[in-house]
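The primary structure of each chain is shown beneath.
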Amino acid sequence: MPLAPSLLQFPPLQSLKLSTPFLHGSTSLSLLSKPTSSLTPPTLQSHTFLPPIRAMRSLQGKVVCATNDKTVAVEVVRLAPHPKYKRRVRKKKKYQAHDPDNQFKVGDLVQLEKSRPISKTKTFLAVPLLSRNSKKKAAEEDVPKELGIPLESQQQLQA
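The rules behind these values
- Residues numbered from 1 in each chain as written.
- Predicted model: local features only at pLDDT ≥ 70, side-chain atom pairs only at ≥ 80, totals over all residues.
- Heavy atoms only, no water.
- Pairing = 2+ DSSP bridges.
- Helix = DSSP H or I, 4+ residues; strand = E, 2+ residues; numbered from the N terminus.
- Axes fitted to C-alpha atoms, helices over the stretch in contact; angles between N-to-C directions.
- Phe/Tyr/Trp six-rings, centres within 6.5 Å; stacked < 30°, edge-to-face > 60°.
- Buried < 20%, exposed > 50% of the residue type's maximum accessible area, 1.4 Å probe, protein only.
- Core = buried A, V, L, I, M, F, W, Y, C linked by side-chain atoms within 4.5 Å.

(A) Fine view of the sheet that holds strand S1 (residues 58–65). Spatially, the 5 strands close up into a barrel ordered S1-S2-S3-S5-S4, and their pairing is mixed. On average, adjacent strands in this sheet sit at an angle of 50° to one another, irrespective of strand direction. In this sheet, strand S2 (residues 71–81) lies alongside S1 in antiparallel orientation, the contact comprising 3 bridges. Bridge pairing links Cys65 to Ala73 in S2.

(B) Summary view of the packing of aromatic side chains. With the rule as written, the count across this model stands at 1 aromatic pair. Judged by centre distance (5.2 Å) and plane angle (70°), the ring pair of Tyr95 and Phe124 falls under edge-to-face. Separated by 29 residues along the polypeptide, Tyr95 in strand S3 (residues 88–98) and Phe124 in strand S5 (residues 122–128) bring together distant segments of the chain. Taken individually, Tyr95 and Phe124 each receive the classification buried, so the pair is uniform in this respect.

(C) Region of interest: the nonpolar core. Membership of the largest hydrophobic core is limited to 12 residues, which are Leu59, Val63, Val72, Val74, Val76, Tyr95, Ala97, Phe104, Val110, Leu112, Phe124 and Ala126. Counting only elements with at least two residues in this core, the list comes to S1, S2, S3, strand S4 (109–114) and S5. Ranked by residues supplied to this core, first place goes to S2 with 3 residues.

Given below as structure tokens:
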């Protein structure tokens, strides 16, 4: 059943004009304002500086595996309250850390610094941490063994 030509009258293509200038890109988006809601109060921009929260940026732990190339497994121990008994219990978690020089061995204390993801499981960089014993040794080395005054026993030996 053919349609009558009077029913299918379209306006000429030249007479069609786009109603919005956005389709041609003639209006920049910077002139537009963000939509606002009457329900939410306008937020005031505060000029006070708040430091960003930097949780989990560095952890300390012990190397438990150093067999992989440029990777160490570090066990981090933390204390957390027991959900029922409220006693603090040790929680252990192993992290994979990047060791570019393969300098760490099993048992070394290291500090884990957060970095960009290096692989699927590595987002920490292993940094050497002075152990407690080495700090004591360093403190002992700073103190001179001799005070500059010879003891009586040393004076008798020299005479």
